[in-house]
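# Coordinates in review
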Amino acid sequence: SVEQGMAYSRNVIAIATETKEKIAKDLTAQLAEQEKGLLAADTAPQARTVLLEILGRLAASNGVHVRATALVTVYSLNDSYARVVAGIQAECRIEQFINLLSDISRQPEALATYSINIDATNTKEKTIRVRLVVAGVAAKKLLPEKKGNQ
């Protein structure tokens, strides 16, 4: 009958709506979990500071002597996120550097090695001079909005 057909259609619509709502809720939860890896910052300078603080803390905990910090850049990664790039110049033993790289990979923030340059400085003490550049991800909202044809 027509009434049974309409009742069936209402049930199908209700189930489809519940399914869509559940999928949306699940996707929102997954996104929130993944975004825990973003650098916690409201502005580009704060994002730079956060990344340099993380690098400094990890370097110090591994006995890596940071001699200088490199130019830090923040730029658009895609429609939703920004890439924050920071570098350090340091001197250490090779095992200290390996431990630093390992610690970077274990951070809750989404960090990745961007580039590495290594030079031997003292072969007797087995120390190296390192230039390490690391990238992190932050919310794109911290980038200044472009105006006009910029």
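A short tour of the structure in this document, coming up. In this text the structure is predicted, and so the values were computed from the model without any measurement.

Analysis parameters
Residues numbered from 1 in each chain as written. Predicted model: local features only at pLDDT ≥ 70, side-chain atom pairs only at ≥ 80, totals over all residues. Heavy atoms only, no water. Helix = DSSP H or I, 4+ residues; strand = E, 2+ residues; numbered from the N terminus. Buried < 20%, exposed > 50% of the residue type's maximum accessible area, 1.4 Å probe, protein only. Contact = heavy atoms within 4.5 Å. Expected span 1.5 Å × (residues − 1). Arc of directions from axis to C-beta. Patch = residues over 30% accessible without salt bridge, like charges linked within 9 Å, V, L, I, M, F, W, Y side chains within 5 Å. Areas by Shrake-Rupley, 256 points an atom, 1.4 Å probe, with all protein chains shown as cover. Salt bridge = Lys/Arg side-chain N within 4 Å of Asp/Glu carboxyl O. Polar contact = N/O pair within 3.5 Å; in protein donor to acceptor, adjacent residues only side chain to side chain.

This brings us to the overall build of the protein chain. Helix and strand counts for the protein chain come out as three helices and four strands. Listing each helix as α and each strand as β along the protein chain from the N terminus yields α-α-β-β-α-β-β. Principal-axis analysis of the C-alpha atoms places the extent of the protein chain at approximately 90 × 40 × 20 Å. By residue count, 30% of the 150 residues in the protein chain fall in the buried class. The contacts of the protein chain with a sequence gap of at least 6 include a subset with a gap of at least 24, amounting to 67%.

Now for helix 2 (residues 44-61). Taking 1.5 Å per residue as the helical rise, helix 2 with its 18 residues ought to reach 26 Å, and the 26 Å between its terminal C-alpha atoms agrees with that figure. Considered for burial, the residues of helix 2 that qualify are Ala 44, Ala 47, Leu 51, Ile 54, Leu 55, Leu 58 and Ala 59. All buried residues of helix 2 project into a common sector of 130° when viewed along the axis, lining one side. Every exposed residue of helix 2 that faces more than 90 degrees away from the buried side is listed here: Glu 53, Ala 60 and Ser 61.

This part is about a nonpolar patch on the surface. Among the surface-exposed residues, Ile 94, Ile 98, Ile 116 and Ile 118 lie close enough to one another that they form a single nonpolar patch of about 320 Å² accessible area. Counting only elements with at least two residues in the nonpolar patch, the list comes to helix 3 (94-105) and strand 3 (111-122). Relative to the helices and strands, Ile 116 is located in strand 3. Exposure remark for Ile 116: the relative accessible area of 35% places this residue in the partly exposed category.

Okay, the side chain of Gln 96 next. Mapped onto the elements of the fold, Gln 96 is located in helix 3. Here the side chain of Gln 96 touches Asn 62 through a polar contact of 3.5 Å, landing on its backbone oxygen. In terms of polar contacts, Gln 96 uses its side chain to reach the backbone carbonyl oxygen of Gly 63, at 3.1 Å.

Moving on, we get to the pattern of salt bridges. Under the counting rule described, the total for this entry stands at three salt bridges. The salt bridge partner of Arg 93 is Glu 95, with a shortest N-O separation of 2.6 Å. On the basis of relative accessibility, which here comes to 36%, the residue Arg 93 falls in the partly exposed class. Among the residues examined, Glu 95 registers a relative accessible area of 39% and is labelled partly exposed. Put simply, Arg 106 and Asp 103 hold a salt bridge, and the shortest N to O gap is 2.2 Å.

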